[in-house]
Amino acid sequence: MEDLKNFPYEVLTVHELTSRIRGRLEEAFPAVWVTGEISNLKTPYSGHTYFTLKDDQAQIQAVFFKHRKRYIRFEPEDGMQALCKCVVTVYEARGTVQISVDYMEPMGLGALHLAFEQIKERLEKEGLFDPAHKKKLPLLPQRIGVITSPTGAAIQDILNIISRRFANVEILIAPVHVQGESAAPEIVEAMEVMNRREDLDVIILARGGGSLEDLWPFNEEKVARAIYSSSIPVISAVGHETDFTIADFVADFRAPTPSAAAELVVQNKAEIQARIAAMEKRLQNQAGNILNRVRSGLEIFSRRLISPEQRLNRVRQRLDDLNEDLNTSLRHRLDSLKAHIHGRMNSLRFLSPMDRVRELRGRLKAYAKKNQREIMIALQGRRDRLSALSARLETLNPLNVLHRGYSIVYKLPEGKIITESRKISLNDRLRIHFHSGKAECTVDHIEEG
């Protein structure tokens, strides 16, 4: 540097030169709008975004600092045609000309619309819109949480409709801003506070209609994740019927308007009472029809059923018939033997020798005694068997069992005989037949043997 003291021209350092170039450029191009295609986009850990803005004839390096990016809703991407408001400057460390972007808009789609599509695509890939995650709405909620502006028309519509349809329902209001920078954080906080309660059955997130900018808090990713994390069913009722927000896709149910949300979550009390009355009447009619069919069936079965006493009487009558048939058969047998003996005796009369006659008479008497003895033995055997059968039938007679203190138990209403305790249940109706009389009872205790 000592050698340059007498040098006739101004000598600049590289830093001084680049600083002057930067100053001149920034002075000449303080606010320039530039359009081109984004390429080589990088966003390191610092959060600043670096990229090349190019067209088919030239390119320039660009930087989009983190504190400037917060003013846009979408994420820049490679291949995107963008319109950038920027300052032309020099990156002194490398001595290269670059643009410092202050604001960016996508070409074609609006910035908010592009941001909406980007957020929607990202959350859908993560599964936040999956129908399998949707929770069912309660049939008749006792307490409803409402997250909305306390001064808007939405809360008035919700309160009026719920009060008119079912005045007994309690409503807990979480007042929040529904547009502006503070809206999304307040909605997230209100959702977390309501989920810490154990007495809420459903949450309504509501606001009236508006532009895409007005409804943007309901497109915020933090709001979508708060809705997805809610353990309480959430109804999204944002804007008008044609308005769709990210909250609508994540919520368990979407209502086209706040008024529709109120009608959806609370049924009309008078309609419910009318349906209950109609169901009660229909149930009574069905129960009456069932009872009538059961009574008719029981009457038919009772006419077909033969009592044990009637069956025993038939057996006794059959035994009498058999006894009479046996006696008749024995008499015929005896008459046949007597006729045979008389025939033999008549034949003997024609024999001359008296000895032969006496011998034959003796043999005849012997045969007669033998036959009579065999007949008596056979007759006694038949009578003994008849008596044994009669005694066995008497033993099997259910009435005799009842006479000894036993009883017959039937399960109502089918009338099936119960022989084991495991075939009945608590509160079953039973009918008990005693030797004399009947009784009906209800089972209140069971012991299995």
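Refer to the structure presented above.
Peer 1: So what's going on with the packing of aromatic side chains? Which residues, and what values?
Peer 2: Summed over the entire model, instances satisfying the criterion amount to two aromatic pairs. With 5.5 Å between their ring centres and 35° between their planes, phenylalanine 129 and phenylalanine 249 make a pair best called tilted. Remark: phenylalanine 249 occurs in helix H7 (residues 246-250) and phenylalanine 129 occurs in the loop between helix H3 (111-126) and strand E6 (143-148); sequence separation between them is 120 residues. Given a relative accessible area of 13%, phenylalanine 129 falls into the buried group. With 6.1 Å between their ring centres and 25° between their planes, phenylalanine 244 and phenylalanine 249 make a pair best called stacked. Joined through ring pairs, the aromatic side chains of Phe129, Phe244 and Phe249 make up one cluster.

Peer 1: Describe the side chain of arginine 207, listing the residues and the values that go with them.
Peer 2: Here arginine 207 lies in strand E8 (residues 202-207). One buried charged side chain, arginine 207, makes no salt bridge at all; its nearest oppositely charged neighbour is aspartate 214, positioned 5.0 Å away. One polar contact links the side chain of arginine 207 to the main-chain carbonyl oxygen of aspartate 214, over a distance of 3.3 Å. Those residues in contact with arginine 207, other than ones at most four positions away along the chain, are Thr148, Ala154, Val178, Gln179, Asp214, Leu215, Phe218, Ala237, Val238, Gly239 and Pro258.

Peer 1: Any chance you could break down the nonpolar core for me, citing the residues and the numbers?
Peer 2: Among the nonpolar cores identified, the biggest contains 51 residues, and Phe51, Val101, Met104, Ile147, Leu205, Ile227 and Ile246 are the most heavily contacted of them. Ranked by the residues each element gives to this core, the list is headed by helix H5 (residues 183-195), at six residues. In contact with isoleucine 246, other than residues within four places in its own chain, are Phe116, Ile119, Lys120, Leu123, Phe129, Phe218, Asn219 and Ala224. The next biggest cluster of nonpolar side chains, apart from the first, holds 19 residues, and it includes Ile158, Ile161, Ala206 and Val266.

Peer 1: Tell me what's going on with the sheet that holds E6, and back it up with residues and numbers.
Peer 2: Spatially, E7-E6-E8-E9-E10 is the arrangement adopted by the five strands of the open sheet, whose pairing is parallel. The strands lining the two open edges of the sheet, one partner per strand, are strand E7 (170-175) and strand E10 (253-254). When E6 meets E7, the two strands line up parallel, connected through six bridges. Residue pairing across strands places arginine 143 opposite glutamate 170, the latter belonging to E7.

Peer 1: So what about helix H6 (residues 221-229)? Which residues, and what values?
Peer 2: Burial in H6 covers these residues: Val223, Ala224, Ala226 and Ile227. Projected down its long axis, H6 shows its buried positions confined to an angular sector of 160°, all on one face.

Peer 1: I'd love a proper account of the environment of histidine 340, names of residues and values included.
Peer 2: With respect to the helices and strands, histidine 340 occurs in helix H10 (residues 308-349). Distance in space between the C-alpha atoms of histidine 340 and leucine 319 is 31 Å, their sequence separation being 21 residues.

Peer 1: Tell me what's going on with helix H4 (residues 153-165), and back it up with residues and numbers.
Peer 2: Taking 1.5 Å of rise per residue, 13 residues should cover 18 Å, and H4 covers 18 Å from first to last C-alpha, within 8% of that figure. Looking only at H4, the buried set comprises Ala154, Ile155, Ile158, Ile161, Ile162 and Arg165. Seen end-on, H4 carries its buried residues on one side only, within an arc spanning 140°. Pointing more than 90 degrees away from the buried face of H4 are the exposed residues Ala153 and Arg164.

Peer 1: Run through unusual backbone geometry, naming residues and quoting values.
Peer 2: Here the residue pair leucine 412 and proline 413 is connected by a cis peptide bond, since its omega of 5° sits within 30 degrees of zero. Phi is positive for asparagine 40, which is not a glycine, with a value near 55°. Along the chain, asparagine 40 falls in strand E1 (residues 32-42). Although it is not a glycine, asparagine 427 sits at a positive phi angle of roughly 75°. Along the chain, asparagine 427 falls in the loop between strand E12 (416-417) and strand E13 (429-433).

Peer 1: Give a description of the side chain of glutamine 98 that names residues and reports values.
Peer 2: In this fold, glutamine 98 is placed in strand E5 (residues 96-106). Overall, the relative accessible area of 14% leaves glutamine 98 in the buried class. Once residues lying within four places of it in the same chain are set aside, the contact partners of glutamine 98 are Ile60, Gln61, Val63, Val87, Val88, Thr89 and Tyr91.

Peer 1: With reference to specific residues and values, describe the sheet that holds E12.
Peer 2: Strand pairing within a sheet occurs via backbone hydrogen bonds; the two strands may be parallel or antiparallel. Taking strand neighbours across the sheet as the criterion, the four strands line up as E12-E11-E13-E14 in an open arrangement whose pairing is antiparallel. In this open sheet, the two edge strands, each paired with only one partner strand, are E12 and strand E14 (438-442). In this structure, E13 lies alongside E14, joined through five bridges in antiparallel fashion. Across the sheet, residue histidine 433 finds its bridge partner in E14, namely lysine 438.

Peer 1: How would you summarise the packing of H5 against H6 if you had to cite specific residues and measurements?
Peer 2: Where H5 meets H6, the closest approach of the two axes is 9 Å, and the angle between their N-to-C directions is 10°. The orientation of H5 relative to H6 falls into the category roughly parallel. Mapping the contact onto sequence places Ala184, Pro185, Ile187, Val188 and Met191 in H5 and Lys222, Val223, Ala226 and Ile227 in H6. For the contact of H5 with H6, the residue count by class is eight nonpolar, no polar and one charged.

Peer 1: I'd like to hear about the pairing of strand E4 (residues 81-91), residue by residue, with values.
Peer 2: Pairing of E1 with E4 involves six bridges; the strand directions are antiparallel. Following the sheet pairing, valine 32 is matched in E4 by cysteine 86. Bridging between E4 and E5 involves ten bridges; their strand directions are antiparallel. Residue pairing for E5: leucine 83 is matched across the bridge by glutamate 105. In this structure, the hairpin formed by E4 and E5 is closed by a connection of four residues, where glycine 95 is found at a positive phi of approximately 70°.

Peer 1: A description of the pattern of salt bridges should follow, citing residues and the corresponding values.
Peer 2: Going through the model one piece at a time under the given rule, you end up with 15 salt bridges. A salt bridge links arginine 429 to glutamate 440; the nearest nitrogen and oxygen atoms lie 3.3 Å apart. Of this pair, arginine 429 sits in strand E13 while glutamate 440 sits in strand E14, and the two are eleven residues apart along the sequence. Of the residues examined, arginine 429 reaches a relative accessible area of 37% and is grouped as partly exposed. The class of glutamate 440 is partly exposed, set by a relative accessible area of 44%. One network of salt bridges, in which partners are shared, links Arg122, Glu126, Glu221 and Arg225.

Here is what the cut-offs are and how they apply
Residues numbered from 1 in each chain as written. Predicted model: local features only at pLDDT ≥ 70, side-chain atom pairs only at ≥ 80, totals over all residues. Heavy atoms only, no water. Phe/Tyr/Trp six-rings, centres within 6.5 Å; stacked < 30°, edge-to-face > 60°. Helix = DSSP H or I, 4+ residues; strand = E, 2+ residues; numbered from the N terminus. Buried < 20%, exposed > 50% of the residue type's maximum accessible area, 1.4 Å probe, protein only. Lys, Arg positive; Asp, Glu negative; His and termini not counted. Salt bridge = Lys/Arg side-chain N within 4 Å of Asp/Glu carboxyl O. Polar contact = N/O pair within 3.5 Å; in protein donor to acceptor, adjacent residues only side chain to side chain. Contact = heavy atoms within 4.5 Å. Core = buried A, V, L, I, M, F, W, Y, C linked by side-chain atoms within 4.5 Å. Pairing = 2+ DSSP bridges. Arc of directions from axis to C-beta. Expected span 1.5 Å × (residues − 1). Axes fitted to C-alpha atoms, helices over the stretch in contact; angles between N-to-C directions. Parallel < 35°, antiparallel > 145°, perpendicular 65-115°, else oblique. Nonpolar A, V, L, I, M, F, W, Y, C, P; charged D, E, K, R; others polar.

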